[in-house]
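Listed below, chain by chain, are the residues.
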Amino acid sequence: MEKVLMKGNEAIAEAAIQAGCRYFFGYPITPQNEIPAYMAKKLPKIGGTFLQAESEVSAINMVYGAAGAGARVMTSSSSPGISLKQEGISYIAGAELPCVIVNIVRGGPGLGGIQPAQSDYFQAVKGGGHGDYHLIVYAPSTLQEMVSLTMGAFDVADLYRNPVMILGDGMLGQMMEPVEFIKPPARELPKKEWATTGCDGTRETNIINSLYIDPAELEKKVEELYKKYELIKEQEVSYEEYNCENADIIVTAYGTTSRIVKSVIEMAKEEGINVGLIRPITLWPFPYEPISKYADKDHVKVFLSVEMSKGQMIEDVKLGVNGKKDVYFYGRTGGMVPTPDDILAEIRNIMKGVQ
Amino acid sequence: MTVVFEKPKALSEVPFHYCPGCTHGIIHRLVAEAIDDLNIQDKAIGVAPVGCSVFAYNYFACDMHEAAHGRAPAVATGIKRVLPDNIVFTYQGDGDLASIGAAEIVHAAARNENITVIFVNNAIYGMTGGQMAPTTLIGQVTTTSPYGRDPKLAGYPIKISEMLATLDGAYYVERVSVHDVKHIKQAKKAIKKAFENQVNNKGFSLIEVLSTCPTNWGMSPSESLDWVKDNMIPVYPLGVKKEGK
């Protein structure tokens with residue numbers, strides 16, 4: 001298949017279409033506007049529906065309805081818009097419906113800015129909406145990965161009947177790279193027998209719902225959800241290990257930040273510092289296992305979490321390290337992207353203290 | 001023996017939880033009768049609201065989708081866009097539709113979304129214990145307007161049907177009441193027409209049904225029916241507010 005030069009946001013939209021997504025409900029917000037624009041252009045021509053909702057709240061509830069009706073459906077937004085969508089996301093998770101939600105993160109809190117950030121990590125992986133639930137959260141670091149993860153996300157959503165979030169950032173959304181649209185291996189998916197499609201009496205009526213008035217019933221429901229989450233943790237953890245074998249320091253970073261760290265690794269080598277990178281591809285379920293493995297190794301002296309936030313992923317890194325090594329933090333926020341020099345300087349400082 | 005009266009097929013074999021004298025039961029029945037009359041039960045997909053009728057998904061014998069407070073028109077939009085040949089309806093109270101879901105209903109109407117909306121207006125929040133609704137009358141006492149609704153403080157009642165009738169997108173908007181037999185018959189006709197419009201792809205239809213809340217109004221069921229007639233209808237006049245051609 002031919003490589004095409006595309007903008008990140010458009011690559012996500014095209015990947016979704018190629019994965020069979022035919023319904024998109026959204027509301028404009030920078031820096032993800034190319035996604036709805038692409039969908040508005042393409043979907044009507046292939047028998048799909050693009051609808052610009054009156055708000056993010058409505059958009060996610062249209063997704064809720066369309067997912068309930070058995071469709072492959074997606075919405076996209078950026079940080080303040082995703083906050084508004086959290087109500088619907090909680091309902092979708094509670095009703096166990098598959099859908100894909102893209103968050104092209106910008107700086108916050110509040111209206112914040114429009115430059116790239118990773119400050120929605122907590123919101124994406126620790127809840128965001130009310131109640132006990134999890135999204136499956138993918139953090140692509142290249143446009144090619146945005147394509148493959150978006151394509152795979154629809155299958156994963158259908159397989160587990162769970163909303164899946166693609167957590168990008170303004171940098172990934174706006175940059176251009178050559179991409180190839182290669183479908184990941186198809187998964188065997190259950191039929192959507194639960195969908196509200198109209199009942200002619202040949203089955204029980206379907207009810208899509210997340211209300212359990214009886215506390216014992218609700219507890220049972222949440223326990224069932226968590227059994228599913230355990231299965232997802234066993235099956236779906238994804239990460240990249242880079243230069244970790246003899247590393248003195250392991251850096252943890254995802255998305256845009258991890259790309260910068262890869263440059264830092266080469267620069268540090270010239271100074272005799274061996275830097276390894278563990279890059280979570282799934283932020284939930286989080287790859288605790290490789291972090292724990294390297295925390296046990298003698299050659300690894302310390303960990304460093306590099307983020308475009310004020311230290312959110314570091315909490316998961318610390319859970320993985322489990323006190324066996326010190327975990328340092330370097331982060332920029334507000335839409336500031338750390339430079340390789342910034343990160344290298346931080347690594348030099350940390351290693352000075354260690355040696 | 002000839003059967004002269006029976007439960008509509010589109011209602012499940014489940015007892016309602018509604019308070020004595022509440023007219024939700026009548027309105028449920030009218031919706032189910034319309035579904036039976038048009039023979040669309042197998043195509044019908046209902047969207048249940050938040051509020052007293054939150055369990056509507058247990059009462060209608062068709063596929064049902066529960067929605068968050070006010071979001072039923074958005075959920076119905078999602079369903080209808082995926083399944084345009086199905087008959088999608090929402091059943092919403094005044095707190096749900098006129099307050100937190102005001103944006104959703106306005107824009108579903110503006111899009112002429114081909115759905116049927118049953119809007120039950122009893123001028124009070126029922127399930128949460130009798131608080132003021134956007135439709136609460138001037139001077140009406142509720143737990144959150146204990147001295148009577150004062151428009152200087154709490155604004156004026158929202159006339160949803162009149163408001164939606166101003167939208168080019170809305171196809172059919174009518175206000176009915178179920179306080180006596182004559183009006184129940186008229187309400188049935190309107191509700192059936194609202195579903196028929198969808199079958200015929202005419203677009204957005206909303207029937208506002210004036211309803212009672214004996215429990216939170218602090219009245220007997222029969223006093224409540226009189227209160228609808230004497231106090232609600234003058235503020236919320238009945239009739240067709242808009243009908244497309």
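Keep in mind the model is a prediction, meaning the values are calculated, not measured.

Participant: Can you help me understand the overall build of chain A in this one?
Facilitator: A count of helices and strands for chain A gives twelve helices and 15 strands. Scaling as 2.2 N^0.38, a compact globule of 355 residues should have a C-alpha radius of gyration of about 20 Å, and chain A matches this with 21 Å. The principal-axis extent of the C-alpha atoms belonging to chain A is close to 75 × 50 × 40 Å. Entry remark: accessible area of chain A is about 14000 Å², with carbon and sulfur atoms responsible for 51%.

Participant: What exactly am I supposed to notice about the sheet that holds strand 3 (residues 49-52) of chain A here?
Facilitator: Residue and element names in this part refer to chain A. Pairing is mixed across the open sheet formed by seven strands, whose spatial order is 3-2-4-5-7-6-13. Both outer strands of the open sheet, strand 3 and strand 13 (282-284), are each paired with one neighbouring strand and no more. When the angles between neighbouring strand axes are averaged without regard to direction, this sheet yields 20°. Along the sheet, helix 3 (residues 56-68) contacts strand 2 (23-26), strand 3, strand 4 (73-77) and strand 5 (99-105); its crossing angle with strand 4, the most-contacted strand, is approximately 165°.

Participant: What's the story with the environment of Trp227(B) in this structure? I'm lost.
Facilitator: Residues and elements named next belong to chain B. Within the fold, tryptophan 227 resides in helix 10 (residues 221-235). For tryptophan 227, a relative accessible area of 16% corresponds to the buried category. C-alpha of tryptophan 227 to C-alpha of lysine 152: the two residues are 75 residues apart in sequence and 24 Å apart in space. When neighbours within four sequence positions are excluded, tryptophan 227 is seen to be in contact with Leu137, Gln140, Trp217, Met219 and Met232.

Participant: Can you help me understand the environment of Arg161(A) in this one?
Facilitator: Residues and elements named next belong to chain A. Examined against the element boundaries, arginine 161 turns out to sit in the loop between helix 6 (143-160) and strand 7 (163-169). A C-alpha to C-alpha distance of 29 Å links arginine 161 and isoleucine 291, two positions 130 residues apart in sequence. When residues no more than four places from it in sequence are discounted, the contact partners of arginine 161 are Ala95, Glu96, Leu97, Pro98, Trp194 and Lys228. At a separation of 2.9 Å, a polar atom in the side chain of arginine 161 contacts the main-chain carbonyl oxygen of glutamate 96.

Participant: I keep staring at the interface of chain B and chain A and nothing clicks. Help me out?
Facilitator: A common way to state how big an interface is: give the accessible area lost once the parts meet. Across the contact, 32 residues belong to chain B and 32 residues belong to chain A. Both sides together, the interface formed by chain B and chain A hides about 2400 Å², and carbon and sulfur atoms give 61% of it. Here chain B is connected to chain A by three salt bridges. Here Arg203(A) and Asp63(B) are joined by a salt bridge, their closest N and O atoms 2.7 Å apart. Our enumeration of links across chain B and chain A arrives at 14 residue pairs in polar contact (both at pLDDT 80 or more). Looking at the side of chain B that touches chain A, the elements with two or more residues in it are strand 1 (44-48), helix 2 (56-59), strand 2 (63-66), helix 3 (72-82) and helix 5 (102-110) of chain B.

Participant: I tried to follow the nonpolar core on my own but got confused; where do I start?
Facilitator: One recurring pattern in soluble globular proteins: nonpolar side chains tend to sit buried together. Grouped together as the largest cluster of nonpolar side chains are 121 residues, with contacts concentrated most on Met74(A) and Phe204(B). Those residues in contact with Met74(A), other than ones at most four positions away along the chain, are Ile12(A), Ala16(A), Cys21(A), Tyr23(A), Phe24(A), Phe25(A), Ile35(A), Met39(A), Val63(A), Val100(A), Val102(A) and Phe154(A). In terms of nonpolar packing, the next biggest core, distinct from the first, is built from 38 residues, Ile40(B), Ala44(B), Cys62(B) and Ile118(B) among them.

Participant: Would you mind going over the UniProt feature "domain: Thiamine pyrophosphate enzyme TPP-binding" (unreviewed entry) in chain B with me for this structure?
Facilitator: Here, the residues flagged by UniProt with the feature "domain: Thiamine pyrophosphate enzyme TPP-binding" (unreviewed entry) are residues 58-209 of chain B. End C-alpha to end C-alpha, residues 58-209 of chain B measures 21 Å, and it is 38% helix and 18% strand.

Participant: Help me understand the packing of aromatic side chains, please; the structure alone is not making it clear to me.
Facilitator: Aromatic ring pairs: the centre-centre distance and the angle between the two ring planes describe each pair. A full pass over the atoms with the stated rule returns 14 aromatic pairs over all chains. With a centroid separation of 5.8 Å and 45° between ring planes, the pair formed by Tyr121(A) and Tyr254(A) is classed as tilted. On the criterion of sequence distance, the pair formed by Tyr121(A) in helix 5 (residues 121-125) and Tyr254(A) in the loop between strand 11 (249-252) and helix 9 (255-270) is long-range, its members being 133 residues apart. Using a relative accessible area of 0% as the deciding quantity, one classes Tyr121(A) as buried. Relative accessible area serves as the criterion here: at 2%, Tyr254(A) is assigned to the buried category. Site record: aromatic cluster; members linked through ring pairs are Phe60(B), Phe89(B), Tyr91(B) and Phe195(B). Against the face of Tyr242(A) rests Lys262(A), its NZ or CZ located 4.9 Å from the ring centre. A cation over a ring is seen here: Lys297(A) above Tyr294(A), with NZ or CZ 6.0 Å from the ring centre.

Participant: So what exactly am I meant to see when it comes to helix 9 of chain A here?
Facilitator: An α-helix turns once per 3.6 residues; consequently, residues spaced three or four apart project the same way. Those residues of helix 9 of chain A not exposed but buried are Gly255(A), Thr256(A), Thr257(A), Ser258(A), Ile260(A), Val261(A), Val264(A), Ile265(A) and Ala268(A). Of the residues trailing helix 9 of chain A, Gly272(A) is marked for its positive phi of about 80°.

Participant: What am I meant to see in the sheet that holds strand 15 (residues 326-331) of chain A here?
Facilitator: Residue and element names in this part refer to chain A. One open sheet holds the five strands; their spatial order is 10-12-11-14-15, and the pairing between them is mixed. Either end of the sheet is taken by a strand with one partner, and the two such strands are strand 10 (239-242) and strand 15. Between one strand axis and the next, the sheet turns through 20° on average, direction left out of account. Where strand 11 meets strand 14 (residues 302-307), four bridges bridge the pair, whose relative direction is parallel. If you follow threonine 252 over to strand 14, its bridge partner there is serine 305. Helix 9 contacts strand 10, strand 11, strand 12 (275-280) and strand 14 of the sheet and is inclined by roughly 165° relative to strand 12.

The rules we used
Residues numbered from 1 in each chain as written. Chains lettered and ligands numbered in written order. Predicted model: local features only at pLDDT ≥ 70, side-chain atom pairs only at ≥ 80, totals over all residues. Heavy atoms only, no water. Helix = DSSP H or I, 4+ residues; strand = E, 2+ residues; numbered from the N terminus. Rg over C-alpha atoms; globule rule 2.2 N^0.38 Å. Areas by Shrake-Rupley, 256 points an atom, 1.4 Å probe, with all protein chains shown as cover. Pairing = 2+ DSSP bridges. Axes fitted to C-alpha atoms, helices over the stretch in contact; angles between N-to-C directions. Contact = heavy atoms within 4.5 Å. Buried < 20%, exposed > 50% of the residue type's maximum accessible area, 1.4 Å probe, protein only. Polar contact = N/O pair within 3.5 Å; in protein donor to acceptor, adjacent residues only side chain to side chain. Buried area = accessible area lost by both parts, 1.4 Å probe. Salt bridge = Lys/Arg side-chain N within 4 Å of Asp/Glu carboxyl O. Core = buried A, V, L, I, M, F, W, Y, C linked by side-chain atoms within 4.5 Å. UniProt positions renumbered as here; feature names shortened; annotations may be inferred. Phe/Tyr/Trp six-rings, centres within 6.5 Å; stacked < 30°, edge-to-face > 60°. Lys NZ or Arg CZ within 6 Å of the ring centre and 35° of its normal.

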